[in-house]
Amino acid sequence: MTLTPEEIVELQTKIQTIADELAFDGVGFARLDLSEHQAHLNRWLAKGYHGGMSYMARHGTKRSHPNQLVDNTISVISVRLNYWPEAERTPSVALDDPEQAYISRYALGRDYHKLLRKRLKQLAMRISDLIGPYQYRVFTDSAPVLEKALAANAGLGWIGKHSNLIHPKTGSYFFLGEIFTDLPFVPSDEVISNHCGQCSACLDACPTGAIVAPYQVDARRCISYLTIEHFGPIPEPLRAMMGNRIYGCDDCQIVCPWNRFTNQTETREFYPRDALAQARLVALFHWSEDTFLSQTEGAAIRRIGHDRWLRNIAIALGNGSGSPEVIKALRRQQAHASSMVRDAVNWALGRLLMQPRVVK
Ligand code: SF4
């Protein structure tokens with residue numbers, strides 16, 4: 001497949017149109033020089049900020065060299081897909097009620113991995129409808145890919161002090177995906193400059209102080225990492241700071257001024273499931289493993305499994321008011337087969353029964 005430079009430019013314009021038709025919120029063509037981001041990653045790893053995510057340290061320089069991950073890659077198409085699930089921006093309703101469970105907004109609906117991959121494949125196939133066979137592979141959070149760096153290089157936003165990508169018109173509530181290809185696209189020339197300025201709202205708002213410095217997140221303190229990625233007991237000093245956040249955390253994004261005008265996603269699959277939106281902690285704690293599996297079928301939450309689900313909820317219950325119903329529910333799990341769950345349950349009971357507390 002050989003295309004003239006003019007045909008390539010024309011194809012890129014058509015790809016923008018197709019991406020619109022497929023309801024992506026943004027598409028760009030990434031510059032592949034990721035050396036600065038690899039250096040940032042190396043410093044982050046050297047400080048041990050990746051915690052138990054040892055896979056982040058594997059793969060050598062593959063992350064910053066797309067052609068080492070997929071042979072013959074010379075271009076990357078980067079896309080953005082908004083997931084904000086609520087018509088009203090009301091995360092504080094759940095965050096301010098210690099009896100309610102707070103689940104990161106991206107996880108309230110359908111798991112994005114399959115959906116986004118399918119949509120990326122549709123985009124890739126629409127390209128082959130135009131030009132015939134070519135080499136491509138699609139990724140979304142599924143391989144050693146510096147997604148945010150590629151998206152920034154493609155003009156889809158800048159990496160904020162909280163380490164998420166931000167677009168000045170839509171904020172940061174979106175997923176990213178990529179198409180690696182052997183087509184010689186011209187990189188987007190309008191890279192969005194950093195607009196964080198003097199703001200430090202995300203650093204101040206992080207419940208556990210995980211944003212240890214601008215652009216440096218210590219995952220070992222990050223509630224998203226602790227509730228989703230981390231196996232085993234959650235370090236005790238951090239438990240009280242987690243509040244009612246049982247799966248992920250959005251605080252750094254909630255306070256970000258660029259998210260003020262975020263619109264609800266057009267992807268209905270990301271709308272909240274009834275069982276998860278505004279759910280009471282104690283009700284979720286009663287879910288058996290079978291109920292957990294059926295209620296979270298097709299949702300990202302399922303990935304953590306029932307034990308970590310119970311661990312997270314037990315800690316959140318320990319941060320609540322400790323009603324008789326909660327104490328009873330916790331006691332029922334004191335003999336749970338998992339030592340990790342028992343540890344969280346006993347911590348919660350110890351906290352609720354030993355220390356008279358006032359819960360806001
Ligand atoms: S809260 Fe402020 S400092 Fe943090 S990412 Fe948003 S604009 Fe940047």
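Procedures and definitions
- Residues numbered from 1 in each chain as written.
- Predicted model: local features only at pLDDT ≥ 70, side-chain atom pairs only at ≥ 80, totals over all residues.
- Heavy atoms only, no water.
- Near = heavy atom within 4 Å.
- Nonpolar A, V, L, I, M, F, W, Y, C, P; charged D, E, K, R; others polar.
- Pairing = 2+ DSSP bridges.
- Helix = DSSP H or I, 4+ residues; strand = E, 2+ residues; numbered from the N terminus.
- Axes fitted to C-alpha atoms, helices over the stretch in contact; angles between N-to-C directions.
- Contact = heavy atoms within 4.5 Å.
- Phe/Tyr/Trp six-rings, centres within 6.5 Å; stacked < 30°, edge-to-face > 60°.
- Buried < 20%, exposed > 50% of the residue type's maximum accessible area, 1.4 Å probe, protein only.
- Lys NZ or Arg CZ within 6 Å of the ring centre and 35° of its normal.
- Expected span 1.5 Å × (residues − 1).

**Describing the site of the ligand**
- If you check the shell around the ligand, you find Gly 160, Lys 161, His 162, Ile 166, Cys 196, Cys 199, Ala 201, Cys 202, Cys 256, Pro 257 and Trp 258 and nothing else.
- Residue composition of the shell around the ligand, grouped by class: eight nonpolar, two polar and one charged.

**A look at the sheet that holds strand β2 (residues 75–82)**
- Across the sheet, four strands lie side by side as β1-β2-β7-β4; this open sheet has antiparallel pairing. Two strands close off the open sheet at either side, each with one partner strand: β1 (26–30) and β4 (136–139). Taking each pair of neighbouring strands and ignoring which way they run, the sheet shows an average axis angle of 20°.
- Relative to strand β7 (residues 174–181), β2 is paired through eight bridges, and the arrangement is antiparallel. Looking at β7, one finds that Leu 81 is bridged to Phe 175.
- Here helix α1 (residues 5–21) sits on the sheet and contacts β1 and β2; the angle it forms with β1, its principal contact strand, is near 150°.
- Strand contacts of helix α5 (residues 112–131): β2, β4 and β7, with the helix running at about 40° to β7, the strand carrying the most contacts.

**As for the packing of aromatic side chains**
- Tallying each qualifying case throughout the model produces 15 aromatic pairs.
- Their ring planes at 15° and their centres at 3.9 Å tell us that Tyr 112 and Phe 175 sit as a pair that is stacked. On the criterion of sequence distance, the pair formed by Tyr 112 in helix α5 and Phe 175 in strand β7 is long-range, its members being 63 residues apart. We note that Tyr 112, like Phe 175, is buried.
- Taken together, a centroid distance of 5.3 Å and an interplanar angle of 45° make the contact between Phe 292 and Trp 309 tilted. Linking Phe 292 in helix α12 (residues 289–295) with Trp 309 in helix α13 (residues 305–318), this pair joins segments that are 17 residues apart in sequence. Take Phe 292 and Trp 309: they sit in the same class, and that class is buried.
- Members of the aromatic cluster, joined through ring pairs, are Tyr 83, Trp 84, Tyr 106, Tyr 112, Tyr 173, Phe 175, Tyr 247 and Phe 270.
- Directly above the aromatic system of Phe 174 lies the positively charged group of Arg 80, at a separation of 5.4 Å from the ring centroid.

**Points about α13**
- Taking 1.5 Å per residue as the helical rise, α13 with its 14 residues ought to reach 20 Å, and the 20 Å between its terminal C-alpha atoms agrees with that figure.
- Of all the positions in α13, only His 306, Arg 308, Trp 309, Leu 310, Arg 311, Asn 312, Ile 313, Ala 314, Ile 315, Ala 316, Leu 317 and Gly 318 are classed as buried.

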